[in-house]
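Now for the letters of each chain:
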Amino acid sequence: MKNKKKAGYPAAFLLLATGVILLLLLNISIGSIAISLKEIERALLYGEGEETVLAIIMDIRFPRSIAALILGGALALSGYLLQTFFHNPIAGPFVLGISSGAKMTVALAMVFLMGRDVAVSSLVLILAAFAGAMLSMSFVLLMLKRVDSMAMLVVSGVMIGYICSAVTELVVTFAEDADIVNLHNWSRGSFSGMSWENVRVMTVVTMLTFFAVFLLSKPLSAYRLGEAYARNMGVNIRRLRVLIVILSGVLSACIVAFAGPISFVGIAVPHLMKKLLKTAEPIFMIPACFLGGSIFCMFCDLLARTVFSPTELSISTVTAIFGAPVVLWVITERRQRE
């Protein structure tokens, strides 16, 4: 039975990789101006083509698609880490208020710096988002010591999210008009306006974090079977927990800094990947979650910009439509097992 499962892993990863490539091409091809696969090939491989088409591909659609691929993967991986850390199937950056905390500090940084005509770099936004993510995570961990049930922990995370969102709204109220436009567009969640500089920074941050998470596969595998078991296997629980918190915080911060808060991806994708792979082993789940998150976000972004074109939906609106039913399914399935 175990060998049969392992034989299915290459097919599952091939399916995921094919989905990523297909959606990447569709995101570049489909839009107000349709672009053929031949034109995409010429632009990407040889840098040739009609000037307008080349500009659309290389300056607008391609960086946006790559951003959705990278940040979608980061969001799903962050959700998987948090679910493993809290042993809670609906833990995620959005539900636990971590995204809202990051959103709050980024909003403060944007208003404070832009109000003084200071250029806001990608690194500054990531650092601000990381500080907010760690602040929210600290409150969640504090509540973990004071509440008995995981249900109450989730409620606490939601409340933290509401508090952070209220502070963000307060900041927006007293911001300058130009700042309000920037904050409003960013706070709705979107992959639009991505530059190659943004893509470079998010690629470096996300890939380094991904490899760090992958190196934790073995201790994570022991940890998910219980702390006592992990200790017996020689895992330093305290150090592992600190690493999980920091790595999930970096991933959440990167997402919020560039695309704003995005809901449900971090919760839904890990469960879908478990169903696809029929395993919860971290060594398989970590790359699968990244690829699955990329597919989920690229698909939702494609719908967000094409369904009601020329009006563009916020990415969180679309991810909620597809992600919320998965969360409800997880809850009902868990109740049935109990």
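So, here is what we can say about the structure in this document. (Residues numbered from 1 in each chain as written. Predicted model: local features only at pLDDT ≥ 70, side-chain atom pairs only at ≥ 80, totals over all residues. Heavy atoms only, no water.)

### Things to note about the packing of aromatic side chains
Stage number 1. Counted by the stated rule, this structure contains seven aromatic pairs.
Stage number 2. Centroid distance phenylalanine 62 to tryptophan 196: 5.4 Å. Interplanar angle 70 degrees. Geometry classified as edge-to-face. With a gap of 134 residues between them, phenylalanine 62 in helix H3 (residues 51-86) and tryptophan 196 in helix H8 (residues 196-215) connect regions that are remote in the sequence.
Stage number 3. On the basis of relative accessibility, which here comes to 16%, the residue phenylalanine 62 falls in the buried class.
Stage number 4. What makes tryptophan 196 partly exposed here is its relative accessible area of 30%.
Stage number 5. Measuring from centroid to centroid gives 4.8 Å for phenylalanine 85 and phenylalanine 86, while their planes differ by 85 degrees, and the two rings are edge-to-face.
Stage number 6. Residue phenylalanine 85 is classed as buried on the basis of its relative accessible area of 6%.
Stage number 7. The exposure class of phenylalanine 86 is buried, given its relative accessible area of 1%.
Stage number 8. Ring pairing ties together the aromatic residues Phe210, Phe211, Phe214 and Phe290, which thus form one cluster. (Phe/Tyr/Trp six-rings, centres within 6.5 Å; stacked < 30°, edge-to-face > 60°. Helix = DSSP H or I, 4+ residues; strand = E, 2+ residues; numbered from the N terminus. Buried < 20%, exposed > 50% of the residue type's maximum accessible area, 1.4 Å probe, protein only.)

### Some points on the nonpolar core
Stage number 1. By size, the foremost hydrophobic cluster in this structure holds 95 residues, and its most contacted members are Ile57, Leu71, Phe86, Phe191, Met194, Met202 and Ile262.
Stage number 2. Among the elements that make up this core, the one with the highest residue count is H3 (19 residues).
Stage number 3. Residues contacting phenylalanine 191, with those up to four places away along its chain left out, are Arg64, Ala67, Ala68, Leu71, Ala259, Ile262, Cys297, Asp301 and Ile315.
Stage number 4. Formed by five residues, the second largest nonpolar core is a distinct cluster that contains Ile90, Val95, Val154 and Ile267. (Core = buried A, V, L, I, M, F, W, Y, C linked by side-chain atoms within 4.5 Å. Contact = heavy atoms within 4.5 Å.)

### Points about the environment of methionine 207
Stage number 1. Looking at the element boundaries, methionine 207 is found in helix H8.
Stage number 2. Owing to a relative accessible area of 26%, methionine 207 belongs among the partly exposed residues under this scheme.
Stage number 3. C-alpha of methionine 207 to C-alpha of alanine 74: the two residues are 133 residues apart in sequence and 8.9 Å apart in space.

### Observations regarding the state of the cysteines
Stage number 1. Going through the model one piece at a time under the given rule, you end up with zero disulfides.
Stage number 2. Looking at the unpaired cysteine 300, the closest cysteine sulfur is the one in cysteine 297, lying at 6.4 Å.
Stage number 3. When its relative accessible area of 0% is taken as the criterion, cysteine 300 is described as buried. (Disulfide = S-S within 2.5 Å.)

### What to know about the pattern of salt bridges
Stage number 1. A complete count under the given rule lists five salt bridges for this structure.
Stage number 2. When the shortest N-O distance is used, the salt bridge between glutamate 312 and arginine 64 registers 2.8 Å. Here arginine 64 lies in helix H3 and glutamate 312 lies in the loop between helix H13 (282-306) and helix H14 (315-337), a separation of 248 residues in the sequence.
Stage number 3. Residue classification places arginine 64 among the buried positions, given a relative accessible area of 9%.
Stage number 4. Between glutamate 281 and arginine 224 there is a salt bridge; the shortest N-O distance is 2.9 Å. (Salt bridge = Lys/Arg side-chain N within 4 Å of Asp/Glu carboxyl O.)

### Some points on the side chain of serine 248
Stage number 1. Mapped onto the fold, serine 248 is located in helix H11 (residues 237-259).
Stage number 2. For serine 248, the side chain forms a polar contact with the main-chain oxygen of isoleucine 244, separated by 2.9 Å. (Polar contact = N/O pair within 3.5 Å; in protein donor to acceptor, adjacent residues only side chain to side chain.)

Function cannot be inferred from these measures alone, as they are strictly geometric.
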